[in-house]
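Examining the three-dimensional arrangement
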Amino acid sequence: GGEKEKARLINSILRFLNDFIKNKPLVFMVDDLHLADEITIEILEKITLVNKNIMLVFSFNDTLSISNERFCRFLSKINSKNNTMDFPLHGLNAEETAYVVQGVLNYSRPLLSLGKRIYSKTYGNPLFIEEVLKSLFSNKLIYVSSETGIWNSEYDPIDYDKIPMSTNMEQTVLNQIKEIDEQSY
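Bear in mind the structure is a predicted one, so any value in this text is a computation, not a measurement.

The next subject is the pattern of salt bridges. This model, assessed by the stated rule, comprises 8 salt bridges. In this structure, E42 and K6 form a salt bridge, with 3.1 Å as the shortest nitrogen-oxygen distance. Of this pair, E42 sits in helix α2 (residues 38–50) while K6 sits in helix α1 (residues 2–21), and the two are 36 residues apart along the sequence. Using a relative accessible area of 15% as the deciding quantity, one classes E42 as buried. Residue K6 is classed as buried on the basis of its relative accessible area of 18%.

Below you can see the structure in the form of structure tokens.
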């Protein structure tokens, strides 16, 4: 029944990958692996255990992964191997956030006050920082001056605390989707 079909599927995937890579190295990158279902984890586990030419790079959330028992077993098995590396990632601090803002906006110096404001909402999450900047730009709260070609804002740097910003990633992205919908009509 179901187990035979699953085994056949996994073996088909393994054969396909082996034929495809022909003993060349291959890297799989998976984000938020803690959200994967049982079959996905089983496939990745078999792939990494059977073929030494395949490297699996994945991210997961420590806190959320606890509720996925299959993922925890997979992680335990992977961590018992000698060929694994663990790189804990942490959010950026306020100063690092300012440097990210500087880099994204291609500004000549760190925008410490804007970086501090963005940090207060994003807690240094790089993806959230980027989405906040996109949102500020699309809402014309920051813009490139047509006269100087430099990023600017209607807000004075001492008033950056007054720039409206979403407090979570979901709201930021939903606002961007809403803007796309409005532009489509």
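If a strand is regular, its side chains alternate between the two faces of the sheet. Looking at chain direction, strand β1 (residues 26–30) and strand β2 (residues 54–58) are connected through 5 bridges and run parallel. In the sheet register, L26 faces β2, and the bridge partner there is I54. On the question of chirality, the crossover connecting β1 to the parallel β2 by way of α2 is right-handed.

Size it by volume and the largest pocket reaches roughly 1600 Å³. If you trace the largest pocket, you find 36 residues lining it, with F58, S59, F60, D86 and F87 closest to the centre. Those elements that provide at least two residues to the lining of the largest pocket are β1, α2, β2, α3 (62–65), α4 (69–79) and α7 (126–138). Take the lining of the largest pocket: its biggest share by element is 5 residues, from β2. Of the residues that constitute the lining of the largest pocket, the class distribution is 18 nonpolar, 12 polar and 6 charged.

What counts, and where the lines are drawn
- Residues numbered from 1 in each chain as written.
- Predicted model: local features only at pLDDT ≥ 70, side-chain atom pairs only at ≥ 80, totals over all residues.
- Heavy atoms only, no water.
- Salt bridge = Lys/Arg side-chain N within 4 Å of Asp/Glu carboxyl O.
- Helix = DSSP H or I, 4+ residues; strand = E, 2+ residues; numbered from the N terminus.
- Buried < 20%, exposed > 50% of the residue type's maximum accessible area, 1.4 Å probe, protein only.
- Pairing = 2+ DSSP bridges.
- Right-handed = clockwise from strand over helix to strand, strands pointing away.
- 1 Å grid on protein atoms, 1.4 Å probe; cavity = no way out; pocket = protein on both sides within 12 Å on 5 of 7 lines; lining within 4 Å.
- Points joined across faces, edges and corners; volume = space filled by probe spheres on them.
- Nonpolar A, V, L, I, M, F, W, Y, C, P; charged D, E, K, R; others polar.

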